[in-house]
Amino acid sequence: MSLAHGQLALSMVLVGANVAVAKLLAEQLPIALVAFLRCVLAVVVLWPLARWLDGGARAPRGAMGNLFLQALFGTAIYNAGLLAGLRLTTALEGGLVLA
């Protein structure tokens, strides 16, 4: 098995675990808190990784508004919808819908 196949398998395991953990958290905590914690965790992990890989690269000033809208609609609202939906179904069914 090549490195790419292993990385693909690992990414699918992480996505599957994400749905199961999100289901457990959505049942116990408010949706806004879970979405906020997910974003904080992503920043803590990805910010140093991006700085290490790309150094001090910055997005052009004109692109910041577009990035903000993508973050709002593509991440925040998606997470809120996912977490709200997981409250109404099982993690298995939620994972199948995402697939």
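Quick note: structure is the one above.
Please read these numbers as outputs of a predicted model, since none were measured by experiment.

## Section: the side chain of K23
Part 1: Summarising the element assignment, K23 is placed in helix α1 (residues 3–28).
Part 2: Taking relative accessible area as the criterion, K23 reaches 11% and is therefore assigned buried.
Part 3: A distance of 2.5 Å separates a polar atom in the side chain of K23 from the backbone oxygen of T89.
Part 4: If near-sequence neighbours (up to four positions away) are discounted, K23 is found in contact with L86, R87, T89, T90 and A91.

## So, the pattern of salt bridges
Part 1: For the structure on display, the rule yields one salt bridge.
Part 2: For E27, the salt bridge goes to K23, with nearest N and O atoms at 3.1 Å. A residue pair is termed a helical-turn pair when its members lie 3 or 4 positions apart in one helix, as E27 and K23 do in helix α1 at four residues.
Part 3: According to the relative accessible area criterion, E27 is partly exposed, its value standing at 45%.

## Quick notes on a nonpolar patch on the surface
Part 1: Among the surface-exposed residues, L33, F36, L37, V40, L41, V44, V45, L46, L49, W52 and L53 lie close enough to one another that they form a single nonpolar patch of about 1,100 Å² accessible area.
Part 2: Structurally, the position occupied by L53 is in helix α2 (residues 31–54).
Part 3: Accessibility expressed as a relative area gives 56% for L53, which makes it exposed.

## Points about the environment of A99
Part 1: The residue A99 is located in the segment after α4 (91–98) in this model.
Part 2: Judged by its relative accessible area of 88%, A99 is exposed.
Part 3: Between the C-alpha atom of A99 and that of G16, which follows or precedes it by 83 residues, the distance is 9.6 Å.

## Some thoughts on the side chain of N79
Part 1: Locating N79 in the fold gives a position in helix α3 (residues 63–86).
Part 2: The exposure class of N79 is buried, given its relative accessible area of 7%.
Part 3: Ignoring any residue separated from it by four or fewer positions in sequence, one finds N79 in contact with A35 and R38.

## Some thoughts on α1
Part 1: Between the first and last C-alpha of α1 there are 38 Å, a value that for 26 residues agrees with the 38 Å anticipated at 1.5 Å per step.
Part 2: Considered for burial, the residues of α1 that qualify are V19, A22, K23 and A26.
Part 3: If you follow the buried residues of α1, they end up packed against α2, α3 and α4.

## A look at the nonpolar core
Here is a general trend for soluble globular proteins: nonpolar side chains tend to be buried in one another's company.
Part 1: Counting eight residues, the largest nonpolar core consists of V19, A22, A26, V34, A35, L82, L83 and L86.
Part 2: Listing elements by their share of this core, those giving two or more residues are α1, α2 and α3.

Basis of the calculations
- Residues numbered from 1 in each chain as written.
- Predicted model: local features only at pLDDT ≥ 70, side-chain atom pairs only at ≥ 80, totals over all residues.
- Heavy atoms only, no water.
- Helix = DSSP H or I, 4+ residues; strand = E, 2+ residues; numbered from the N terminus.
- Buried < 20%, exposed > 50% of the residue type's maximum accessible area, 1.4 Å probe, protein only.
- Polar contact = N/O pair within 3.5 Å; in protein donor to acceptor, adjacent residues only side chain to side chain.
- Contact = heavy atoms within 4.5 Å.
- Salt bridge = Lys/Arg side-chain N within 4 Å of Asp/Glu carboxyl O.
- Patch = residues over 30% accessible without salt bridge, like charges linked within 9 Å, V, L, I, M, F, W, Y side chains within 5 Å.
- Areas by Shrake-Rupley, 256 points an atom, 1.4 Å probe, with all protein chains shown as cover.
- Expected span 1.5 Å × (residues − 1).
- Core = buried A, V, L, I, M, F, W, Y, C linked by side-chain atoms within 4.5 Å.

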